[in-house]
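The chain contents come next:
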Amino acid sequence: MPDVISDGVSIHYEVRGHGSPVLLLAGLAGVGSSWGPQIDLFAKCHQVIVPDHRGTGASEHTARAMTIAQHARDMARVVEVVGSGAVHVVGSSTGGAIAQLMAIRHRDLLRSATIVSSIARADAYYRRQFEMRRRMLTDSGLRASTEANALFLFAPGFQREHPQRVQAWVNATSAGAFEPEIGFARIDMIVGHDAFDELPSISTPTLVLVGDCDSCAPPYFSAELATRIPGAELAILEGGHFIFLEKPELLHATVEAFIAKHE
């Protein structure tokens, strides 16, 4: 379970499996293990690189340089140190924003990019959503905020059919300590993300993927990304923002088929 220093901050990552390299970039929580079953699914045929973002997990807990561009530099540094050559990057939500900037500014390190449940830049809906999330954390604490977040991170149908799995996620997520300086810096980071004007410069083969019931980053954001990125493919699957947890086999098969075209 190695670490690498990126611009003065320790970034933790783990490597599983063998084969062509896949870099999994987590969402706002930033912890690589949040990919859940996807790690073992990809490790069947790939060398899977799973980092914790700066400020999260086993990486150094700091709010310093908390930007999407810095995260892209951190992940580029991880890829360079692993030494496996260019990777297939798969990023969900905040991880998808990082994947965009890797494709724009570190393209030599990528074979392909899969952007899941993400945005090119925030709009009024997205900003309002995260302002409410910030207020919930401030006024009601981590537990209540996590309970509320589950309502729009999981699809309604999934919550109806699998309430125990949703509650298990709530329990696990709210069990940790909340560090306000880092947590709020991360919210500011994703709300401030704006790669819209640079997306046409992407030459990396790109798949944009979203769940049809995603209330956190609704499908219109993914349609916008696919329109702006030259040659990008758009896949809309049944599921919510956490489609990688709700439909692990479906998401994995879709991404694996795309990766296979660009090996």
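These numbers come from a predicted model, not from an experiment.

(A) Spotlight on the layout of surface pockets. The computed volume of the largest pocket comes to approximately 1200 Å³. Lining the largest pocket are 43 residues; nearest its centre among them are L28, A29, V31, W169 and T173. Going through the elements one at a time, α4 (124–153), α6 (163–174), α7 (180–191) and α9 (243–246) are the ones with two or more residues in the lining of the largest pocket. Here the lining of the largest pocket takes eight residues from α4, the largest share from any one element.

(B) Structural detail: the pattern of salt bridges. Per the counting criterion, the structure on display carries 11 salt bridges. Salt-bridge contacts for R134 lead to D188; the nearest nitrogen and oxygen are separated by 2.4 Å. In this pair, R134 is assigned in helix α4 and D188 in helix α7, connecting sequence segments 54 residues apart. On the basis of relative accessible area, D188 is assigned to the partly exposed category, the value being 46%. A salt bridge links K261 to E233; its shortest N-O distance comes to 2.7 Å. Of the two residues, K261 sits in the segment after α10 (248–260) while E233 sits in strand β8 (residues 233–237), which places them 28 residues apart along the sequence.

(C) Structural detail: the pairing of β8. Note that strand β7 (residues 206–211) and β8 share five bridges and pair parallel. Note on β8: the bridge partner recorded for V210 is I236. Taking the sense of rotation as the criterion, the β-α-β connection linking β7, helix α8 (residues 219–228) and β8 turns out right-handed.

(D) Looking closely at the sheet that holds strand β3 (residues 20–25). The mixed open sheet is built from eight strands, whose spatial order is β1-β2-β4-β3-β5-β6-β7-β8. Whereas interior strands pair on both sides, the edge strands pair on one side only; in this sheet they are β1 (3–6) and β8. Mean inter-strand twist for the sheet, computed between neighbouring axes without regard to direction, equals 25 degrees. Across four bridges, the pairing between β3 and strand β4 (residues 46–51) is parallel. Paired with L23 across the two strands is I49, which belongs to β4. Across the sheet, α10 is in contact with β3, β4, β5 (87–92), β6 (110–116), β7 and β8; its angle to β7 comes to roughly 165 degrees.

(E) View of unusual backbone geometry. In this structure, D7 takes a positive phi of about 50 degrees despite not being glycine. Relative to the helices and strands, D7 is located in the loop between β1 and β2 (9–16). In this structure, S93 takes a positive phi of about 60 degrees despite not being glycine. Along the polypeptide, S93 turns up in the loop between β5 and α3 (94–105). Its relative accessible area of 10% is what places S93 among the buried residues.

(F) Layout of the side chain of R54. Inspection of the secondary structure puts R54 in the loop between β4 and α2 (68–82). Judged by relative accessible area, R54 falls into the buried class, the value being 0%. Side-chain polar atoms of R54 contact the backbone oxygen of S6, separated by 3.2 Å. A distance of 2.7 Å separates polar atoms of two side chains, one belonging to R54 and the other to D74.

Rules behind the numbers
Here, residues in each chain are numbered from 1, in the same order as that chain's written sequence. Totals for whole chains, interfaces and linings use all residues, but because this is a predicted model, local features are given only for residues with pLDDT of at least 70 and pairs of side-chain atoms are given and counted only at 80 or more. Hydrogens and waters are ignored; side-chain quantities use all the structure's heavy atoms. Using a 1 Å grid laid over the protein atoms alone, points where a 1.4 Å probe fits but cannot get out form a cavity; open sets with protein on both sides within 12 Å along at least 5 of 7 lines form a pocket; any residue with an atom within 4 Å of a point counts as lining. Grid points are joined across faces, edges and corners, and a volume is the space filled by probe spheres set on the points. Strands here mean DSSP runs of E at least two residues long; helices mean DSSP runs of H or I at least four residues long; both are numbered from the N terminus. For salt bridges, the criterion is a side-chain nitrogen of Lys or Arg within 4 Å of an Asp or Glu carboxyl oxygen. Burial classes: relative accessible area under 20% of the type maximum marks a residue as buried, over 50% as exposed, and values in between as partly exposed (1.4 Å probe, protein chains only). Two strands make a pair as long as DSSP finds a minimum of two bridges between them. Consider the strands pointing away from the viewer: the crossover is right-handed when the path from the first strand over the helix to the second runs clockwise. For every element, the axis is a line fit to its C-alpha atoms; helices are fit only across the contacting stretch, and the angle between N-to-C directions ranges from 0 to 180 degrees. Whether two residues touch is decided by their heavy atoms; if any such pair falls within 4.5 Å, the residues are in contact. In the analysis that follows, any N or O atom pair within 3.5 Å is treated as a polar contact, provided that within protein one partner can donate a hydrogen and the other can accept it, and provided that, for residues neighboring in sequence, both atoms belong to side chains.

It is worth stressing that arrangement in space is one thing and function is another; only the former is reported here.
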